[in-house]
Each structure stands twice: as C-alpha cells, then as structure tokens.
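Structural characterization, general
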Amino acid sequence: MPVAGSSVSAPLALQASPSPTAVLGTVGLLALFLSVTAHLAARNVVGDVAVVKALGVGVGPAIISTVTTLLSLPSLLGVGLALAVDAGAIHLLYRQPRRTTALITAIHAIVTVILGAVVGGAVILYLSAPA
C-alpha cells in the first residue's frame, strides 16, 4: 500500500551527483576486484600467468560498468559491452585462441558473480550485525 506523498521517483530526486573522487574510487576498486577474478579465471584455464596481465583486463569492464550506471543506460547493454571488452582484453593480453578466450571470459564472469555475491553478503552481514 503506497504511503501518502511517496512516489517511485522520490529516491532518485534526492540523490546527488557523485563527486569525481567517488567515481574514481568506484572504478579503481571495481577494476582491482575484476583483475583478481580475471587472474583466477586465467590461472584456472591457462595455468601459470603473470598478474600484470590481469590488471589490464579489469579496467575496461570497470569503466563500462560505471559509465553505464552514471548515464542510466540499460543494464543488458552494459553487461554485453563489458563482456565484449573483457573478451577483447583477454584475447590481446593473454594471446589465446578464440575458444580459449571465450572459456576464460565465461569463467571470469562466473567467478566474478560468485565472489561478488559472497563478499557482498559478508559485508552486509558485518554491517547489519548487532553492536
């Protein structure tokens, strides 16, 4: 039952535009997280790989994710573009054939979702714990 004077767009009107520091921090932390999951995915498929290569993989999808959110673009467009950039970066940096690139990209997406859910859930549990 709706409360008097509330609307769906009310929370959006109260949000302030993010500061450049907040945007850079979000992109940086997301890029670091995506780099860790990219390294885990590449090690799972290829074997021993350099960590520096994974740092190059995480930046593109992090930027796309942040820009998609800031510009209020459709999520499916952002996810598709991020996966395409992720696959391109993996193909260029790891010098793997297309099938191996597709496998690393799929595992990267799966590991990112699973680890993100676990870490996000742990943070929510920690923040909601009684004092």
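First, a word on scope: everything that follows refers to the structure included in this document. All values derive from a computational prediction rather than experimental measurement.

Next up on the list: the environment of Asp86. For Asp86, the location among the structural elements is in helix H4 (residues 75-94). Exposure remark for Asp86: the relative accessible area of 4% places this residue in the buried category. Note: C-alpha distance between Asp86 and Ile104 (18 residues apart in sequence) is 9.6 Å. The contacts of Asp86, once residues within four sequence positions are left out, are Val57, Pro61, Thr105 and His108.

So, about the nonpolar core. The biggest cluster of nonpolar side chains holds eleven residues, and these are Ala38, Ala41, Ala42, Val49, Ala54, Val57, Ala89, Ile90, Tyr94, Ile104 and Ile107. Within the residue set of this core, elements represented by two or more residues are helix H2 (20-45), helix H3 (51-70), H4 and helix H5 (98-128). Ignoring anything within four residues of it in the chain, the contact list for Ala89 reads Gly56, Val57 and Tyr94.

What follows concerns the environment of Arg43. With respect to the secondary-structure elements, Arg43 resides in helix H2. By relative accessible area, Arg43 is classed as partly exposed at 46%. Remark: the alpha-carbon pair of Arg43 and Ile104, spanning 61 residues in sequence, is separated by 9.0 Å. Once you skip the residues sitting within four places of it in the chain, Arg43 turns out to touch Asp48 and Val49.

Thresholds, definitions, all that
Residues numbered from 1 in each chain as written. Predicted model: local features only at pLDDT ≥ 70, side-chain atom pairs only at ≥ 80, totals over all residues. Heavy atoms only, no water. Helix = DSSP H or I, 4+ residues; strand = E, 2+ residues; numbered from the N terminus. Buried < 20%, exposed > 50% of the residue type's maximum accessible area, 1.4 Å probe, protein only. Contact = heavy atoms within 4.5 Å. Core = buried A, V, L, I, M, F, W, Y, C linked by side-chain atoms within 4.5 Å.

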